[in-house]
Amino acid sequence: MTIALIGAVPLLTALLLYGFGSLFNRAVWSSVLAVITGALFVLLITYLPAVTENGAVTLLIPWVPDIGLNLSFYLDGLALLFGLVITGVGVVIVLYTAHYFDTDEEVRRFYTLLFSFMGAMLMLVVSGNILTLFIAWELTSIISFLLISFKGDKSADAREGAARALVITGGGGLALLAGLMLLGIAGGSFEFSALLTNDTLRDHPWYIGMTVLILIGCFAKSAQFPLHFWLPGAMSAPSPASAYLHSATMVKAGVFLLARMYPTLGDTDFWFAALTTVGLATMLIGAVIAIFQRDLKGLLAYSTISWLGALVALLGQPDGAGLKAAMVGILAHALYKAALFLAAGAVDHAVHTRIIDKLGGLRHSLPGWAIITTISGLSMAGVPPLFGFLAKETLLEVAVESAQATIIMLVVTISATLTVTAGLIVVWDVFFRKAREEHQLHAPARGLAYGPGALAVGSLLMGFLIEPVLKPLINPVVGSPISLYLFHGINTPFILSMIALGGGGLIFLARDAWLRFTLPLPRAINVYNAIVGAVESFGDFLLRSQNGKLRHYLIAIMSAVALLLAIGVANYQGFENVTWLQIDDVTDLLTFVLLGLIVGATFGAIIARRRVTAALALAIGGYAVGGIFLIEPAPDVALVQFLVETLATVLLFIMLGRINPRQKREVMLKEARAMRASRFSLVRDILISSVIGLAVAFFAVAAVGERAQRETIAVWHLENAYPLIGVTDVVAAIVTDFRGTDTLLEITVFSMAALGVLSLLALRGSYDLLSGAREERVDDDDVPEADAPQFSTPFTRTIAFMVLPFALLVSLSHILYGGDAPGDGFTAGVISGLAVALWFVVYGYSEANRRLKWLKEGWLIGGGLTIALLNAFVPMLFGQPFFTHISFSFIPDFAGIHFASTLIFEFGIFLAVFGSVSKIMDAIAHPREVESI
């Protein structure tokens, strides 16, 4: 079961940081988080013997088994290797971050995003199900967007680079989803444990299609040509984010998935051609562009692209020939490139520039960083005996033995030569050549260097730790003992390596000559910008057809709906099967009365000249609908209808009171004049309304006439509600258990909508979503007359004071007895929210807020969603399906209350809905601004 903690711990840590990060300073958090990340690293190492002996450690927790979706974990040698890279480099990033940012708030926010990303990345590599892998895959794209745009409030480049990365990786994710779905269907399973042993998929008719889709997703994620251009644009991210995302984690996700899919889809002519062609093209293009970059992080970004291309090409080789070299390359690259990105951040922090032409001579002022960069830069260049040399040797060994040895050797050697040049530029031009400009040095904190220093030591020593470290890690990935040596003797790979070192040095010495030229290469980003520009132009064209008049939008929508319904009704031949309405008893008579009331109230809302009268008429119609539900009988639905109609009416009245009276009169007069001037508009609206009303009516009659008396699923619910769930209210069983996932998603959407009200209504002052505190509160002297309570009398204040606790008690009864009577967590939340609304009406905004200081809407929403999610996911930790109904039989029934997991879910729903309704009321009732129309 501890395997489930690998991804869960970072995600839970991120949640704690979000809620309680402000309680401690950066020093405390950095120590705690480093220990947590280090503990995960150690936990992964403890699995090495089991993985080596058994091949994989697995755990399967059913989630939605009917569609093949399980929360399963598959920890084999590949996942273990990547997990160690993610957590090992993660420790370094945690320590570096504590000294990198200026404020504790920035550190806390970055840590929250960092651990969210770490959890998503670990979930990706240990996922045993292709659907859960895709969920984690998309999470890495979304969270990386937030990390890249970390400084987006101050930098347009950060916003643009983050958006570009999200578009490319997200678009690739859509292709990946289609490919994974085809793979799961073709393979008959969505579990890797079954797919990795299926050797028939290479002969499947869908092989080419699903492989192409999966490759697009992998190439987009790992910045392969021609989708490579998003990576340099992401360099606007803070340096610890760049080091983590672009050396050890995100960009390697595509490489990981290619390696994961190799046993299933690899080792074919198509696989070899696709990966080798794209990989080598990316390797060469990245290396060429890298040496022309004058931004230090830009150079590192393109050299990263080049090495990613090499890894992809290695994974394309037949018979797994490149797997060993790819794993060595992944480890080497993570060590030296993370250190170099962090060094670039330290240089930028110290001299406030990353432009290579402005740097130089920093070895005197930053001697520690000069040593770190020299070791890491020379490792990138492949200088023996550094770890990068071993990675380059294994790459050249594969190139020499490849079926297309001549072409591959040529591309790899040229790319390696240019990488040597790039490494020398990073080392010499930044730290050792004479300074081009004088800089005001801001010495970075000493703690910044500890983590990168450890990485540099790893690059220095790893070549000598092949037997105790590298072979035990790589053998389980390859599946057999590997042959790996730091020096194989003077052979073809060694000669090519020396040619690359010598050629790279010569090109470096001649850099003043060739740097004067610009590369005549076509730029993929220009194609991307052209596509985006075309989409925006098309969007602008569509916007020109919209003039902001709601009536015009409704005309277009309703006309289309009416036309479609009319076509269906015209072709319908079964009206003879319809049992038309007839009055048989008093119940039917009451139904007709309520229907007439609905029609009359709706007509009254249309002809009413005052908006208040129209709102009341609509409310009457809504209550009449609830009455019909009550007659059916459907008491649960009727109760929800009554409460929602009450809530909507209260909101409508509050919003009408916020509209500027003068503008309201002007708009009404303008509309009246327009209606008198154009009878055509009135006739048109009546005609469209009549057509769609008749079409919907006939459609409803036809649907009822063709409907069976009772569907099978209804019978099943009626027969199983009590035996399986222990409740007599079938609606409650459906909402909280049989279709609990729907309810969970609904309250999540409702909660997000409530929080979105804050942005829509733009409350002044800084707002804390959790605490509900504002920097700028409404003082009594600053409240407009509109906030002065018009219904505030001793009697109404007493009523309001008594209603709130009574409403909370009624809400509690709905939660406790929702399984046996109308009402549930949703109705409980609305009832309590309406009581809060009454306080705003009676006491006024300022007084109500002062008296309701205990009401923290953000905490209620967050707490409710957390409880609901835990109720759904915790059973999975004990091998039970997602949203399992658990009866707490050890607690005896008391006062007719049946204790089960449903009660926990209902309580979570109540908190989320209560907080959301209260937040909407608070935001709309805010007197600071009167809305204009």
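Residues numbered from 1 in each chain as written. Predicted model: local features only at pLDDT ≥ 70, side-chain atom pairs only at ≥ 80, totals over all residues. Heavy atoms only, no water.

1. What about the pattern of salt bridges?
Logical step 1: Applying the stated criterion across every chain yields a total of 15 salt bridges.
Logical step 2: Where arginine 511 meets aspartate 429, a salt bridge forms, and the shortest distance between an N and an O atom there is 3.0 Å. Of this pair, arginine 511 sits in helix 23 (residues 511–514) while aspartate 429 sits in helix 19 (residues 405–432); the two residues are 82 residues apart in sequence, bridging distant segments of the chain. Accessibility classification places arginine 511 together with aspartate 429 in one group, the buried group.
Logical step 3: For glutamate 857, the salt bridge goes to lysine 919, with nearest N and O atoms at 3.8 Å. Of this pair, glutamate 857 sits in helix 37 (residues 857–877) while lysine 919 sits in helix 38 (residues 901–924); the two residues are 62 residues apart in sequence, bridging distant segments of the chain.
Logical step 4: Classification of glutamate 857 as buried rests on a relative accessible area of 6%.
Logical step 5: For lysine 919, a relative accessible area of 2% gives the class buried.
Logical step 6: Bridged by salt links that share partners, the residues Asp295, Asp348 and Arg354 form one connected network. (Salt bridge = Lys/Arg side-chain N within 4 Å of Asp/Glu carboxyl O. Helix = DSSP H or I, 4+ residues; strand = E, 2+ residues; numbered from the N terminus. Buried < 20%, exposed > 50% of the residue type's maximum accessible area, 1.4 Å probe, protein only.)

2. Brief notes about unusual backbone geometry
Logical step 1: A cis geometry characterises the amide bond from proline 384 onward to proline 385, with omega recorded as 5 degrees.
Logical step 2: Residue placement: proline 385 occurs in the loop between helix 17 (367–381) and helix 18 (387–401).
Logical step 3: In this structure, the amide linkage connecting glutamate 632 to the following residue, proline 633, adopts the cis form with an omega of 5 degrees.
Logical step 4: One can find proline 633 in the loop between helix 27 (611–631) and helix 28 (635–658).

3. Digging into helix 24 (residues 524–544)
Logical step 1: Under the 1.5 Å per step criterion, the end-to-end length of helix 24 is 31 Å for 21 residues, consistent within 8% with the ideal 30 Å.
Logical step 2: Listed as buried for helix 24 are Ala524, Ile525 and Tyr528. End-on view of helix 24: buried residues confined to an arc of 95 degrees, all on one side of the axis. Helix 24 presents Val527, Phe538 and Arg544 as exposed residues on the side facing more than 90 degrees away from its buried surface. (Expected span 1.5 Å × (residues − 1). Arc of directions from axis to C-beta.)

4. A short note on the pairing of strand 2 (residues 69–76)
Logical step 1: Of all eight residues in strand 2, eight are buried, a share of seventy percent or more.
Logical step 2: Burial along strand 2 is two-sided: the face carrying Leu69, Leu71, Phe73 and Leu75 and the face carrying Asn70, Ser72, Tyr74 and Asp76 are both buried.
Logical step 3: Examined bridge by bridge, strand 1 (residues 56–64) and strand 2 share eight bridges and lie antiparallel to one another. Bridged to proline 62 within strand 2 is asparagine 70. (Pairing = 2+ DSSP bridges.)

5. Digging into the confidence of the model for the protein chain
Logical step 1: For the protein chain, mean pLDDT is 84; residues scoring 70 or higher make up 89% of the total.
Logical step 2: The lowest-confidence element of the protein chain is helix 29 (residues 661–677), averaging 66 in pLDDT; the highest-confidence one is helix 9 (residues 207–221), averaging 94.
Logical step 3: Between residues 762–788, whose pLDDT stays under 50, and residues either more than four places distant or in other chains, the model counts 56 contacts.
Logical step 4: Of the regions scoring below 50 in pLDDT, residues 929–933 engages in 16 contacts with residues more than four places distant in sequence or in other chains. (pLDDT = per-residue confidence, 0-100. Contact = heavy atoms within 4.5 Å.)

6. What to know about a nonpolar patch on the surface
Logical step 1: Taken together, Leu16, Phe20, Leu23, Phe24, Val28, Val32 and Trp859 make up a surface patch of nonpolar side chains, about 650 Å² in accessible area.
Logical step 2: At the level of secondary structure, the elements contributing two or more residues to the nonpolar patch comprise helix 1 (5–20) and helix 2 (26–46).
Logical step 3: Mapped onto the elements, phenylalanine 20 comes out in helix 1. (Patch = residues over 30% accessible without salt bridge, like charges linked within 9 Å, V, L, I, M, F, W, Y side chains within 5 Å. Areas by Shrake-Rupley, 256 points an atom, 1.4 Å probe, with all protein chains shown as cover.)

7. Considerations on helix 21 (residues 466–478)
Logical step 1: Here helix 21 spans only 15 Å end to end across 13 residues, well under the 18 Å set by a 1.5 Å rise per residue.
Logical step 2: Residues of helix 21 that are buried in the fold lie against helix 3 (48–54), helix 4 (77–100), helix 15 (323–351) and helix 18.
Logical step 3: Within two residues after helix 21, glycine 479 carries a phi angle of roughly 95 degrees, on the positive side.

8. Some details on the side chain of threonine 353
Logical step 1: Inspection of the secondary structure assignment puts threonine 353 in the loop between helix 15 and helix 16 (362–365).
Logical step 2: A residue is classified by how much of its surface remains accessible, and threonine 353, at 12% relative accessible area, is buried.
Logical step 3: Engagement of the side chain of threonine 353 in a polar contact is seen with the backbone nitrogen of isoleucine 355, the distance being 3.2 Å. (Polar contact = N/O pair within 3.5 Å; in protein donor to acceptor, adjacent residues only side chain to side chain.)

9. Here's the deal with the packing of helix 4 against helix 15
Logical step 1: Two numbers describe how helix 4 lies on helix 15: the axes approach to 11 Å, and their chain directions differ by 10 degrees. Put simply, helix 4 runs roughly parallel to helix 15. Here helix 4 contributes Leu78, Leu81, Phe82, Val85, Val89, Val92, Ile93, Tyr96 and Tyr100 to the contact with helix 15, which in turn contributes Met327, Ile330, Leu331, Ala334, Ala338, Leu342, Gly345, Ala346 and His349.
Logical step 2: Classifying every residue of the contact of helix 4 with helix 15 by side-chain character gives 16 nonpolar, two polar and no charged. (Axes fitted to C-alpha atoms, helices over the stretch in contact; angles between N-to-C directions. Parallel < 35°, antiparallel > 145°, perpendicular 65-115°, else oblique. Nonpolar A, V, L, I, M, F, W, Y, C, P; charged D, E, K, R; others polar.)

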